[in-house]
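# Survey of secondary and tertiary structure
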Amino acid sequence: MAMNTNSFFRQSFSWWCFEGRIDLEEMLMAAKKIGLEGIELIEPEFYGLVKKHGLTIASHRGHDSIESGLNDHANHQRIEQELLESIRIAEKWGCPNVIVFAGDRAATQSEQIGAQITAEGLARVVPVAENAGVTLVLELLNSKVDHPGYQADSTAWGLQVCEMLNSPRVKLLYDIYHMQIMEGDVIRTILANHRQIAHYHTAGNPGRNNLDDTQELNYQAIARAISSTGYTGFIGHEFVPLGDPIKALEQAFKTCLA
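No experiment lies behind these values; they were computed from the predicted model shown.

When helices and strands are tallied, the protein shows ten helices and eight strands. Here the protein has a C-alpha radius of gyration of 17 Å; the compact-globule value for 258 residues is 18 Å, and the two agree. In terms of its C-alpha atoms, the protein occupies a principal-axis envelope of roughly 45 × 40 × 35 Å. Only carbon and sulfur atoms are counted for the fraction: they give 48% of the accessible area of the protein, which is about 11,000 Å². Charge-centre separation for the protein: the mean point of 21 positive side chains lies 6 Å from the mean point of 32 negative side chains.

Printed below as a string of structure tokens:
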């Protein structure tokens, strides 16, 4: 594997995983000291505090909800308005990514039709995202353990949506934890499809906990593979920490230094 040593990705963490375990400002100061550059999935009311501590808001949740998403025409008008507001917020705060969700499968709908409807829903806001310089990232989630019924549960399905829209501002959020559960073969998948991936999430599997030797994913190798593609965006740690949250985040950061 040829390494591109001239480009480096950045690391962030998802606040919801740490909330209730540690004070937010203490966590922001610790993250900055560790070397992380971003935080995500935190309420906009705290964005000013995040900026005060010199961190980037790496992603912003685009709409409600995971289950009732873009693969249903009935949701498009609501989601369009929510996404327009989310894109505006992201542009204001220098947030590069707005997360979008396919929604749960409909029993009467084929996989292809679900992808087409999802693309149609995103098409309503793609010009605005392109003008704002904000990327709509379709999150891939597992439907086996955490999100039964969720339709964007494979890389191939998500790629269909991206290809239908053919926009530099519609990409995948490749969640390594979720895709390990659904399909494995993580490094090969990343190397083959990295041009359509704009954001990554991590967590240990099984358990969705620390990136340590109790889980099956080799994040050092995965980080090297991502770095080799020339990726310079964010890898967001989205695991629920066991033990000291600061030490858990520091360990994850060091593990993914590529």
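Now, onward.
Once that is clear, we can look at the sheet that holds strand 4 (residues 97-100). Strand pairing in a sheet takes place through backbone hydrogen bonds and is either antiparallel or parallel in direction. Ordered by their spatial adjacency, eight strands build a closed barrel running 1-2-3-4-5-6-7-8, and the pairing between neighbours is parallel. Between one strand axis and the next, the sheet turns by 30 degrees as a mean value, whatever way the strands run. Bridge count for strand 3 (residues 56-61) against strand 4 is three bridges, and the pairing is parallel. Bridging across to strand 4, Ser59 finds its partner in Asn97.

A word on the pattern of salt bridges. Summed over all chains, the structure comprises ten salt bridges. The salt bridge partner of Asp64 is Arg61, with a shortest N-O separation of 3.8 Å. Under the relative-accessibility criterion, Asp64 is labelled partly exposed at 46%. On the basis of relative accessible area, Arg61 is assigned to the partly exposed category, the value being 36%. Between Asp185 and Arg188 there is a salt bridge, and its shortest N-O distance comes to 3.0 Å. When its relative accessible area of 42% is taken as the criterion, Asp185 is described as partly exposed. Since its relative accessible area comes to 59%, Arg188 is described here as exposed. Three or more residues are tied together by salt bridges with common partners; here these are Arg105, Glu111 and Asp153.

Right, let's talk about the environment of Asn131 for a bit. Relative to the elements of secondary structure, Asn131 occurs in helix 5 (residues 126-132). When the C-alpha positions of Asn131 and Val170 are compared, they lie 13 Å apart, and in sequence the two are 39 residues distant.

Bringing the packing of aromatic side chains into the picture now. The full count for this structure, using the stated rule, is five aromatic pairs. On the numbers, 5.8 Å between centres and 75 degrees between planes, the contact of Tyr47 with Trp93 is edge-to-face. Placement of the pair is Tyr47 in helix 2 (residues 47-52) and Trp93 in helix 3 (residues 76-93), with a sequence separation of 46 residues. For the pair Tyr174 and Tyr200, a centre-to-centre distance of 6.2 Å together with 70 degrees between the ring planes defines the contact as edge-to-face. Here Tyr200 lies in strand 7 (residues 197-202) and Tyr174 lies in strand 6 (residues 170-175), a separation of 26 residues in the sequence.

Definitions and limits used
- Every chain is numbered on its own, with residues counted from 1 as its sequence reads.
- For a predicted model such as this one, the threshold for reporting local features is a pLDDT of at least 70, and the threshold for listing and counting side-chain atom pairs is 80 or more; totals across whole chains, interfaces and linings nevertheless cover every residue.
- Derived side-chain values reflect all non-hydrogen atoms in the structure, with water molecules and hydrogen atoms excluded from consideration.
- Strands are runs of DSSP state E lasting at least 2 residues, helices are runs of H or I lasting at least 4, and numbering of each runs from the N terminus.
- Every radius of gyration here is taken over C-alpha atoms, with the globule rule written as 2.2 Å times N^0.38, N being the number of residues.
- Surface accessibility follows the Shrake-Rupley procedure with a 1.4 Å probe radius. Residue values consider only the protein chains on display as shielding.
- His is not counted, nor are the chain ends, whereas Lys and Arg count as positive and Asp and Glu as negative.
- A charge is said to be at NZ when it belongs to Lys, at CZ for Arg, at CG for Asp and at CD for Glu.
- Any two strands are treated as partners once DSSP identifies two or more bridges connecting them.
- Here the axes come from fitting lines to C-alpha atoms, over the contacting stretch only for helices, and the angles between their N-to-C directions go from 0 to 180 degrees.
- Definition used for salt bridges: Asp or Glu carboxyl oxygen within 4 Å of a side-chain nitrogen of Lys or Arg.
- Categorising residues by exposure relies on relative accessible area from a 1.4 Å probe, with only protein chains included: less than 20% of the type maximum marks a residue as buried, more than 50% marks it as exposed, and the intermediate range marks it as partly exposed.
- Two rings from Phe, Tyr or Trp (for Trp, the six-membered ring) form a pair when their centres sit within 6.5 Å of each other. Planes less than 30 degrees apart are called stacked, planes more than 60 degrees apart edge-to-face, and all others tilted.

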